[in-house]
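# Summary of structural features
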Amino acid sequence: MKNRIQPGEIIVIDDVIPIQDQNRIEQLCTSPALEWVYQERSTAPLTNGVKKITIDPITSGDGKFTFVETSQLVHLMYGPLTEKQLAESKSKYKEHVTSIFYPHFITVLSSIPISYSGIKRIKLNMKHSVSSAIGVPDDAVGTPHVDFGMFDPNGVIAIYYVNDSDGDTLIFDQDYRDFRRNGVKGNFTLKQSVSPKKGRMVIFDGNLAHSAGLPRKNEVRIVLNINVAMHDFTQNS
C-alpha cells in the first residue's frame, strides 16, 4: 500500500473487488431499495465569476472541449451534517455515515491502495443517457471541476465504476490553481481518459480538474465517488 498519491498521479485498477461484490453492489444500486435524490446540477457553481448554465453548452478557451452542466441522481453515503444534525448528534465530527447502505460499500473503501487518515465524502452518482435531441451536443462532456472547490494538498479522489457504461472520466493537466484562475473558459489539456468499466477504480490527485463523461449508448452511468485525506507526513518532518 502506498503512503501517498504524488501530485498529478493517476492509478487505474481493474477488478479492484471480487466479482461477487461487484455484482452485489450493481444489483443494490439498480434496485428500488436504494433511494436517490435529484440534483439539478452535477457540480457547484464557480466562484470566479464564470456562470455555468444547465442547458447552454460552454466551449473551452482553446475550443477543444464542449462542456455542459447536467442533472444527476445522488445517494450520499458519508458526508457533512447540517448544523442541526451536528447539534443533535452531540459529536465534534462534522462528517458522519448518512446511509444505512454504507456497510455494503466497505469492501470498496478497503480496496483503495493508499494509506489515508480520513474520509471527507462518499456518494453515489447516477447520470442518465443524454442526446442532441435534448440539446446536449454529441461531443459535450460534463463541466470540469475540482471537488469541494478548494486546494487540498492531501486530497485524493477515488472513483469506483458500478456498471459498464460509456461516458469516460476526463482528467486534465490543469489543477486547482489553473481552474480557479481561468474557470471553464480556460484552456484544457487531457491528461488521461478512463472508461467506466464495472469493478474498475481510478485514484488520482484531488487537485486535478476533472470531468464526468455523459452516457449516450447506455441508459445509466453509476459511480461511487470517494474523497479521502492522506496522512500529512510533513507535520512530523
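The structure contained in this document is the topic of the report that follows. (Residues numbered from 1 in each chain as written. Predicted model: local features only at pLDDT ≥ 70, side-chain atom pairs only at ≥ 80, totals over all residues. Heavy atoms only, no water.)

## Points about unusual backbone geometry
Of note in this structure, D15 is not a glycine but carries a positive phi near 50°. Along the chain, D15 falls in the loop between β1 (10-13) and α1 (19-29). (Helix = DSSP H or I, 4+ residues; strand = E, 2+ residues; numbered from the N terminus.)

## Section: empty space enclosed by the protein
If a probe as big as a water molecule is rolled over the atoms, it shows which places are left empty. According to the stated counting rule, one finds one cavity of 30 Å³ or more in the structure shown. Estimated volume of the largest cavity: approximately 90 Å³. Lining the largest cavity we find 13 residues, and of these K120, D147, F148, G155 and G206 sit closest to its centre. Where the lining of the largest cavity is concerned, the elements lending two or more residues are β9 (155-161) and β14 (220-230). (1 Å grid on protein atoms, 1.4 Å probe; cavity = no way out; pocket = protein on both sides within 12 Å on 5 of 7 lines; lining within 4 Å. Points joined across faces, edges and corners; volume = space filled by probe spheres on them.)

## Quick notes on the packing of aromatic side chains
This structure, assessed with the given rule, holds six aromatic pairs. Judged by centre distance (5.4 Å) and plane angle (80°), the rings of F67 and F188 are edge-to-face. In this pair, F67 is assigned in strand β4 (residues 66-68) and F188 in the loop between α4 (176-182) and β11 (190-194), connecting sequence segments 121 residues apart. By relative accessible area, F67 is classed as buried at 2%. (Phe/Tyr/Trp six-rings, centres within 6.5 Å; stacked < 30°, edge-to-face > 60°. Buried < 20%, exposed > 50% of the residue type's maximum accessible area, 1.4 Å probe, protein only.)

## Digging into the nonpolar core
Counting residues in each nonpolar core, the largest one holds 34 residues, and the members touching the most others are M77, F105, I122, L124, Y160, L224 and I226. For this core, the secondary-structure elements that each account for two or more residues are α1, β5 (72-80), α3 (106-110), β7 (116-128), β9, β12 (201-205) and β14. The leading source of residues in this core is β14, at six residues. Leave out the neighbours within four places in its chain, and M77 touches L34, H96, V97, T98, S99, F101, Y102, F105, I122, K123, L124 and L224. (Core = buried A, V, L, I, M, F, W, Y, C linked by side-chain atoms within 4.5 Å. Contact = heavy atoms within 4.5 Å.)

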